[in-house]
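Below, each chain spelled out in residue letters.
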Amino acid sequence: MTNSTVMPSVSDYERVGGAPTIRLVVERFYDLVLADGELAGYFTGMDIARIKRHQVLLLSQVLGGPVSYDGRDLAEAHRHLEVSSAHYDRVAQYLTGLLWKLDVDTDIIFRVADTLAAVRGQIVAPAAVPTPRGERRLLGGLLRRFRATP
């Protein structure tokens, strides 16, 4: 038997800086999304503060934080919006690109991207969901594009 110290694992949530960073990401994310003429219409008449609170909880949970998303089922919450595949991709680009610009480690960004790919079918209108193929390859290209942006 050896005498070794077990190091506690650090969650992605802790690695990115916890709640303050998550709140900052969500604020900047919605600044981008709401300024986008193609996406802003999805939020007309919506309670943006409430949506942001839910997004903080959701992103915190995805990153292994100490809180859990307690909002509506993603499919139920987005069904009436008829989100197109292109618009979903655009939102995913904003989120992953923002994480990249904030110097979040690439492995964390890819885990967020994997989650985005996994929930795509719950958010995108059924007729608009493409066959999932090469999503990581697509994300790698997006990250390279954000890296090149000043």
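Refer to the preceding data block for the structure.
Just so it is clear, the structure is predicted and the values come from calculations on it, not from any experiment. Within each chain, residue numbers correspond to sequence positions counted from 1 in written order. Confidence filtering applies because this is a predicted model: local features only for residues at pLDDT of at least 70, side-chain atom pairs given and counted only at 80 or more, and all residues used for totals across whole chains, interfaces and linings. Think of the side-chain values as coming from all heavy atoms in the structure, minus any hydrogens and water.

Engineer: Describe the overall build of the protein chain, and please don't skip the residues or the numbers.
Structural biologist: Numbering of helices and strands starts at the N terminus; helices are DSSP runs of H or I of at least 4 residues and strands are runs of E of at least 2. Helix and strand counts for the protein chain come out as seven helices and zero strands. When the helices and strands of the protein chain are read in sequence order from the N terminus, they spell out α-α-α-α-α-α-α. For every residue, the accessible area obtained with a 1.4 Å probe (protein chains only) is divided by the maximum for its type, and the residue is called buried under 20%, exposed over 50%, and partly exposed between those limits. Residue burial in the protein chain is summarised as follows: out of 150 residues, 38% are buried. We call two residues contacting when some pair of their heavy atoms lies within 4.5 Å. When contacts within the protein chain are restricted to residue pairs at least 6 apart in sequence, those whose partners lie at least 24 apart make up 72%.

Engineer: Lay out the pattern of salt bridges in plain terms, naming residues and giving numbers.
Structural biologist: What counts as a salt bridge is simple: a side-chain nitrogen of Lys or Arg found within 4 Å of a carboxyl oxygen of Asp or Glu. Applying the stated rule across the entire model yields nine salt bridges. Arg-90 serves as the salt-bridge partner of Asp-36, at 2.4 Å between the closest nitrogen and oxygen. Here Arg-90 lies in helix α5 (residues 85-101) and Asp-36 lies in the loop between α2 (18-35) and α3 (48-62), a separation of 54 residues in the sequence. Salt bridges here are not isolated pairs; linked through shared partners, they connect Asp-12, Arg-15, Asp-105, Asp-107 and Arg-111.

Engineer: Go over the packing of aromatic side chains, please, and point to the residues and values.
Structural biologist: Each Phe, Tyr or Trp ring (for Trp, its six-membered ring) is paired with any other whose centre lies within 6.5 Å, and the angle between the two planes then decides the class: stacked below 30 degrees, edge-to-face above 60, tilted in between. Per the counting criterion, the structure on display carries two aromatic pairs. Between the aromatic rings of Phe-29 and Tyr-30, the centroid separation amounts to 4.9 Å while the plane-to-plane angle is 80°, which identifies the pairing as edge-to-face. Side by side, Phe-29 and Tyr-30 carry an identical accessibility label, which is buried. On the accessibility criterion, Tyr-30 (5% relative accessible area) is buried.

Engineer: Would you mind going over unusual backbone geometry in detail, with residue names and values included?
Structural biologist: Although it is not a glycine, Glu-82 sits at a positive phi angle of roughly 50°. By the secondary structure assignment, Glu-82 is in the loop between α4 (74-78) and α5. In this structure Glu-82 comes out as exposed when scored by relative accessible area, which is 58%. Residues other than glycine seldom take positive phi values, yet Asp-103 does so here, at roughly 60°.

Engineer: How would you summarise the environment of Ile-51 if you had to cite specific residues and measurements?
Structural biologist: Topologically, Ile-51 is positioned in helix α3. Owing to a relative accessible area of 16%, Ile-51 belongs among the buried residues under this scheme. Excluding residues within four positions of it along the chain, Ile-51 makes contact with Tyr-30, Phe-43 and Met-46.

Engineer: A description of the packing of α2 against α5 should follow, citing residues and the corresponding values.
Structural biologist: Here α2 crosses α5 at 140°, and the two axes come no closer than 10 Å. Comparing their axes, α5 and α2 come out oblique. Pair α2 / α5 crosses with right-handed handedness. Contact with α2, carried on its side by Val-25, Arg-28, Phe-29, Leu-32 and Val-33, involves Val-91, Tyr-94, Leu-95, Leu-98 and Leu-99 of α5 and no other residues of that element. Classifying every residue of the contact of α2 with α5 by side-chain character gives nine nonpolar, no polar and one charged. Fitted lines through C-alpha atoms serve as axes, helices being fitted only where they are in contact, and the angles separating the N-to-C directions of these axes extend from 0 to 180 degrees. If an angle is under 35 degrees, it is roughly parallel; if it is over 145, roughly antiparallel; if it lies from 65 to 115, roughly perpendicular; otherwise it is oblique. Crossing handedness: left-handed means the near helix sits turned counterclockwise from the far one by under a right angle, and right-handed means the same turn made clockwise. Residues are grouped as follows: Ala, Val, Leu, Ile, Met, Phe, Trp, Tyr, Cys and Pro are nonpolar; Asp, Glu, Lys and Arg are charged; every other residue, Gly included, is polar.

Engineer: Explain the nonpolar core to me, using residue names and the numbers behind them.
Structural biologist: Put simply, a nonpolar core is a bunch of buried Ala, Val, Leu, Ile, Met, Phe, Trp, Tyr and Cys residues held in one set by side-chain atoms that sit within 4.5 Å of each other. Ranked by internal contacts, the top residues of the largest apolar core, which has 33 residues, are Ile-22, Phe-29, Phe-43, Leu-63, Tyr-88, Leu-95 and Leu-99. Put simply, the parts of the chain that give this core at least two residues each are α1 (12-16), α2, α3, α5 and α6 (106-123). If one sorts the elements of this core by residue count, α5 sits on top with seven residues. Every residue in contact with Leu-95, bar those within four places of it in the chain, is listed here: Val-25, Phe-29, Val-112 and Leu-116.

Any functional reading would require information that these geometric values do not contain.
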